[in-house]
Amino acid sequence: MLKENLIREKVAQAKSLLKYFNIDCWMTVTRESGLNGDPILPYLLPGDVTWLTVIMLFKNGNDAVIAGEYDIASVDELGVYRNVIGYKESLKSVFQEILKNENPRTIALNYSEDSEICDGLTHGLYIKMKNYLRELGFESRIISSEPIISAIRERKTKSEIKLIKKAIIEAERIFDEVRDFIKPGVSEIEIADFVRSKVKERNFTTAWDERICPSVFTGPETAEAHYKPTGRKVERGHVLNMDFGVKIDGYCSDLQRTFYVLEEGETSPPEEVIRGFNTIIRIIDESRKALKPGVKGIEVDTIARQILKENGYDEFPHALGHQVGRFAHDGTALLGPAWEKYGDRPFKELMPGMVFTIEPRLKVENRGVITIEEMVLIAENGAEWLSHPQKQIHIIRRIPIRDKID
């Protein structure tokens, strides 16, 4: 029931976005979606389709789904679409008849040159649909549906925000539990296995590939990100960071936390670790304050890099933050620099309903990497915390395994 209610919310949102972007018709075209489905499909249908299927939403409020006769029952029972039409041999004639009657000036197809989440239309299907439209004289009306698909994924409904908050709370609970497990002598793999065991106990899944979720890095000279935990053991004087999130009911959290393992005789981290940690906290706080509707992601990313520079640190080799939703990386707007690999994403204006991470990082020589990743929601007047921000470095005081006395 949860899935169906979310689809109803998102289809209603899509219809309002057609008016917002002044797009007459948005079409999502797919086939055998279990093998090669469009990323937008879970927002529109309750399951996979087998035959060629076209979902058509019009700015005037009309809509139609044309699908194979064995796929229409599950679409029809949603009660979302006015016209659910099944076919046996070909959908071409029905498809063209609907378009002739509606006569849309713009026809947005589900492709994009720059965004993987908006580029679900295969090249072969693009050619097929282009030929169908050419026969109607509508070929010149084709545009990319990237604006509307981006907005649907980016602008979260109340139900979506509720699910994301749930995923955040559960990830934070597991972070609290792993604090008591970390100690000198324990390996990155053992820490990751502990976290994964807690995920499975709760019948959740990790927010991304379990092989690298959680990612655990202890001490200096590590891969730093996007790499599997190793047999490297926690040592005193190490900074340890962990990147972790869970997926619940289809929605993700994505958080990072930093720990410090006390040296013998230490009661607090050394000055260089505290200084680095406080710099990260300042970046996150100042970035959150700058996050407002209408601001561009590059503007916020620039603030973060300036603070790093002022404090003598090298800039991090990635964007300051990304969007989160059904995937840990989900959405086209980005808090990032004007680097070629990011295309125009850093220049998109932020909108209410967007959920972002803020995740700066810096290196402390001979100690490790300090990084925190928080999650925020863009609201009408600014950004609200979704996660409970880490304000103090997590201190590990426990004695090493090898020093335990039976």
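Anything mentioned here points back to the structure above.
Residues numbered from 1 in each chain as written. Predicted model: local features only at pLDDT ≥ 70, side-chain atom pairs only at ≥ 80, totals over all residues. Heavy atoms only, no water.

(A) Molecular detail of the pattern of salt bridges. This model, assessed by the stated rule, comprises 29 salt bridges. Residue Arg173 pairs with Glu170 through a salt bridge whose shortest N-O separation is 2.9 Å. Placement of the pair is Arg173 and Glu170 together in helix H7 (residues 158-179), with a separation of three residues, close to one helical turn. Among the ionic contacts, a cluster of salt bridges with common partners joins Glu170, Arg173, Glu177, Lys198, Glu201 and Arg202. (Salt bridge = Lys/Arg side-chain N within 4 Å of Asp/Glu carboxyl O. Helix = DSSP H or I, 4+ residues; strand = E, 2+ residues; numbered from the N terminus.)

(B) Examining the sheet that holds strand S13 (residues 355-358) more closely. Judged by pairing direction, the sheet is antiparallel, and its three strands sit side by side in the order S13-S16-S17 without closing on themselves. The open sheet has two free edges, formed respectively by S13 and strand S17 (382-385), since each of these has just one partner strand. With strand direction ignored, the average angle separating the axes of adjacent strands in the sheet is 40°. Here four bridges tie strand S16 (residues 374-379) to S17, and the two strands are oriented antiparallel to one another. Bridge pairing in S17 links Leu377 to Glu384. Against the sheet, helix H9 (residues 271-290) touches S13, S16 and S17, its axis set at about 130° to S17. (Pairing = 2+ DSSP bridges. Axes fitted to C-alpha atoms, helices over the stretch in contact; angles between N-to-C directions. Contact = heavy atoms within 4.5 Å.)

(C) Examining the packing of aromatic side chains more closely. Applying the stated criterion to the full structure yields eight aromatic pairs. Taking the centre distance of 5.4 Å and the plane angle of 75° together, the rings of Tyr111 and Tyr126 count as edge-to-face. Taken as a pair, Tyr111 in the loop between strand S5 (107-109) and helix H5 (123-136) and Tyr126 in helix H5 lie far apart in primary sequence, 15 residues in all. For Tyr111, a relative accessible area of 21% corresponds to the partly exposed category. With centroids separated by 4.5 Å and ring planes inclined at 15°, the aromatic side chains of Phe181 and Phe194 adopt a geometry described as stacked. Residue Phe181 is found in the loop between H7 and helix H8 (188-201), and its partner Phe194 is found in helix H8; the two are separated by 13 residues along the sequence. (Phe/Tyr/Trp six-rings, centres within 6.5 Å; stacked < 30°, edge-to-face > 60°. Buried < 20%, exposed > 50% of the residue type's maximum accessible area, 1.4 Å probe, protein only.)

(D) Main features of the sheet that holds strand S18 (residues 394-396). Taking strand neighbours across the sheet as the criterion, the four strands line up as S8-S9-S12-S18 in an open arrangement whose pairing is mixed. Looking along the sheet, the strands with just one partner apiece sit at the ends: strand S8 (215-218) and S18. Sheet twist, expressed as the average angle between the axes of neighbouring strands with direction ignored, equals 20°. In this sheet, strand S9 (residues 239-244) lies alongside S8 in antiparallel orientation, the contact comprising four bridges. Looking at the pairing, Ser215 lines up with Asp243 of S9. Here H7 sits on the sheet in contact with S9, strand S12 (255-261) and S18, set at roughly 15° to S12.

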